[in-house]
Amino acid sequence: MQEKTIPNATPGKLIAVEGLDGSGKSTQVYLLKRWLELSGYKVFFTEWNSSDIVRSATRRGKKQNLLTPTTFSLIHCTDFADRYERNILPMLKAGFIVLADRYKFTALARDTVRGCPQEWVEQLYSFAFQPDITFYFSLPLRTALDRILVGRPALKYHEAGMDLGLSPDPVESFKIFQGRIHKTYEALARRHRFTRINSDRPVEAIQEEVRAILRDRIDLAQYKATVPRGWRL
Amino acid sequence: MNQPRTFYGKGIPGVATRDLKGKLIVLEGPDGSGRSTQIALLTEWLERRGHAVEHVGLKRSTLVANELADAKQGNVLSPRTLSLFYATDFADQLEHRILPALRAGFIVLADRYIYTLMARDIVRGADLPWLQSVYSIALVPDLVMYLRVAPQKLMERYIYRGRELDYWESGMDIGYNRSWYDSFIRYQSELHRTFNRLQAVYGFVTVNGMRVPRAVTRDLQTHIESVISPNG
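Attention in this report is confined to the structure presented alongside it. (Residues numbered from 1 in each chain as written. Chains lettered and ligands numbered in written order. Predicted model: local features only at pLDDT ≥ 70, side-chain atom pairs only at ≥ 80, totals over all residues.)

## What to know about the sheet that holds strand β1 (residues 23-28) of chain B
All names here are of chain B.
Part 1 of the reasoning: Read across the open sheet, the five strands follow the order β2-β3-β1-β4-β5; overall the sheet is parallel. Two strands close off the open sheet at either side, each with one partner strand: β2 (53-57) and β5 (205-208). Taken pair by pair, the neighbouring strands of this sheet meet at an average axis angle of 25°, ignoring direction.
Part 2 of the reasoning: Contacting β1, β2, β3 (107-111) and β4 (143-148), helix α1 (residues 35-48) runs over the sheet at an angle of about 170° to β3.
Part 3 of the reasoning: Of the strands in this sheet, β1, β2 and β3 are in contact with helix α3 (residues 79-103), which crosses β2 at around 160°. (Pairing = 2+ DSSP bridges. Helix = DSSP H or I, 4+ residues; strand = E, 2+ residues; numbered from the N terminus. Axes fitted to C-alpha atoms, helices over the stretch in contact; angles between N-to-C directions. Contact = placed C-beta atoms within 7 Å.)

## What about the pairing of strand β1 (residues 13-19) of chain A?
Residue and element names in this part refer to chain A.
Part 1 of the reasoning: By the criterion of burial, β1 is predominantly enclosed, with seven of the seven residues buried.
Part 2 of the reasoning: Neither face of β1 is left uncovered, since the one carrying Lys13, Ile15, Val17 and Gly19 and the one carrying Leu14, Ala16 and Glu18 both have all their residues buried.
Part 3 of the reasoning: One ladder, built from five bridges, connects β1 with strand β3 (residues 97-101); its direction is parallel. Bridge pairing in β3 places Val17 opposite Asp101.
Part 4 of the reasoning: Bridge count between β1 and strand β4 (residues 133-138): five bridges; the pairing is parallel. Paired with Gly19 across the bridge in β4 is Phe137. (Buried ≥ 20, exposed ≤ 12 C-beta atoms within 10 Å, placed from the backbone.)

## Digging into the packing of helix α4 (residues 114-123) of chain B against helix α7 (residues 180-202) of chain B
Between two packed helices, both the angle of their axes relative to each other and the distance between the axes serve to describe the pair.
All names here are of chain B.
Part 1 of the reasoning: It is at 9 Å that the axes of α4 and α7 come closest, and there the two elements cross at 125°. The pairing of α4 with α7 is recorded here as oblique in orientation. Where α4 crosses over α7, the two elements pack in a sense that is right-handed. The segment α4 lies against α7, with Tyr115, Met118, Ala119, Ile122 and Val123 engaging Tyr187, Glu190, Leu191, Thr194, Phe195, Leu198 and Tyr202.
Part 2 of the reasoning: Partitioned by chemical class, the residues of the contact of α4 with α7 number ten nonpolar, one polar and one charged. (Parallel < 35°, antiparallel > 145°, perpendicular 65-115°, else oblique. Left-handed = near helix turned anticlockwise from the far one by under 90°. Nonpolar A, V, L, I, M, F, W, Y, C, P; charged D, E, K, R; others polar.)

## Thoughts on helix α2 (residues 52-63) of chain A
Part 1 of the reasoning: In this model α2 of chain A runs 16 Å from its N-terminal to its C-terminal C-alpha over twelve residues, within 8% of the 16 Å that 1.5 Å per residue would give.
Part 2 of the reasoning: Here α2 of chain A has its buried residues at Ile53, Val54, Ala57, Thr58 and Gly61 of chain A. Projected onto a plane normal to the axis of α2 of chain A, the buried residues spread over an arc of 110° and lie on a single side. Exposed residues lying more than 90 degrees from the buried face of α2 of chain A are Asp52, Arg59 and Lys63 of chain A.
Part 3 of the reasoning: At its buried positions, α2 of chain A is contacted by α3 (69-93) of chain A together with α2 (65-74) of chain B.
Part 4 of the reasoning: Where α2 of chain A terminates, the next one or two residues include Asn65 of chain A, which has phi positive at roughly 55°. (Expected span 1.5 Å × (residues − 1). Arc of directions from axis to C-beta.)

## A few points about the nonpolar core
Part 1 of the reasoning: Formed by 110 residues in total, the largest nonpolar core has its most connected members in Val98 and Ala100 of chain A together with Leu94, Ile98, Val108 and Ala110 of chain B.
Part 2 of the reasoning: Considering every element that reaches this core, the biggest residue donor is α3 of chain B, with twelve residues.
Part 3 of the reasoning: Aside from chain neighbours lying at most four places away, what touches Ala110 of chain B is Leu24, Ile25, Val26, Leu27, Val56 and Gly57 of chain B. (Core = buried A, V, L, I, M, F, W, Y, C linked by C-beta atoms within 7 Å.)

Printed below as a string of structure tokens:
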């Protein structure tokens, strides 16, 4: 199945960040974006969120208890495809550095944990380019859980994996669910050659490492923003 | 007996095909080929003979039918997004309508199935292996019949019934031609060619739909009898 993935063939660069909730990846990708912007590079940021279409369908699905692992997976892939073809792909073709806060691996991990066959989900998402770099923010499960459960006690139904019937208690369910996601991420990290970042360190130290890797692996000079002739900023 | 029931691929997690005692019968064919008329006639015939019948079709899921209709209205989704949307609609009906009905021993009459969805996408540039993988969740039907009607004939039927050409059924989103008529003929011809390709893979029964409804019904009934009668 590995050979079914397509490398990025556009002038742009695709940088994805993945990791458990609470791994600090959103903070890191935000700082990365600010650094690139302030240094004058062409950068575009995109995050994993649901469009109105998916939100309204999942709301109904939840209310009537309709969503199954298969339809959950398909509806999120529909949403991802829309975002991918509308935002990510055009920006890559335009030669931007695209920073994705969560990418297809988020879906691969979640859907596999819900019981969809892994090859099926991998094939489903095979239209989306492999990132040039996938930063995987890794930290001990317990640390991630502590960060999340302290900061945000109200867990959403699917977020807590309640549909899997792991536990009637949302917090308990979330812990078990995240544990399984964690295991799946670890397997994906090997299969898809993630760049692992130890996320159990001060924000500054992590950011320094991330920037160094980017400078090392990408010829940033190619991504300097140029102002078209006749335009003024 | 017929062959044991299977999915095209791994199917739906946790579903045992042994329990699916009913029959899944699919009627494929373009809009205007007489599908709805035939399904009504076949339902009457089956019910008269004491069979319980369930109907499924495209865009009929509880989960996303409304959203899908909205999305088509605006024509803002890319072909792949629309394709996955239809796959979601299909999966929802498969799990909540088709499988339960088959478990209960119903005859499920499907007004189109994955083949129309695949053909439409192939005409719009999708690749077959990807589609086959997406639809590996689908159950292999007991019988698939394709009502063949030439594009010119379809056009005549539209005109006689005073119906307007449909944007999607004319393939206007593809941009073949600004003329609806030319686009319709070209799109329907491409679909037909694609169905022929799919037939080689999936082995449909082709039924000539360009005859009086009664004659078509008799043909369909003969094919259905061969899969529902116990000594097949």
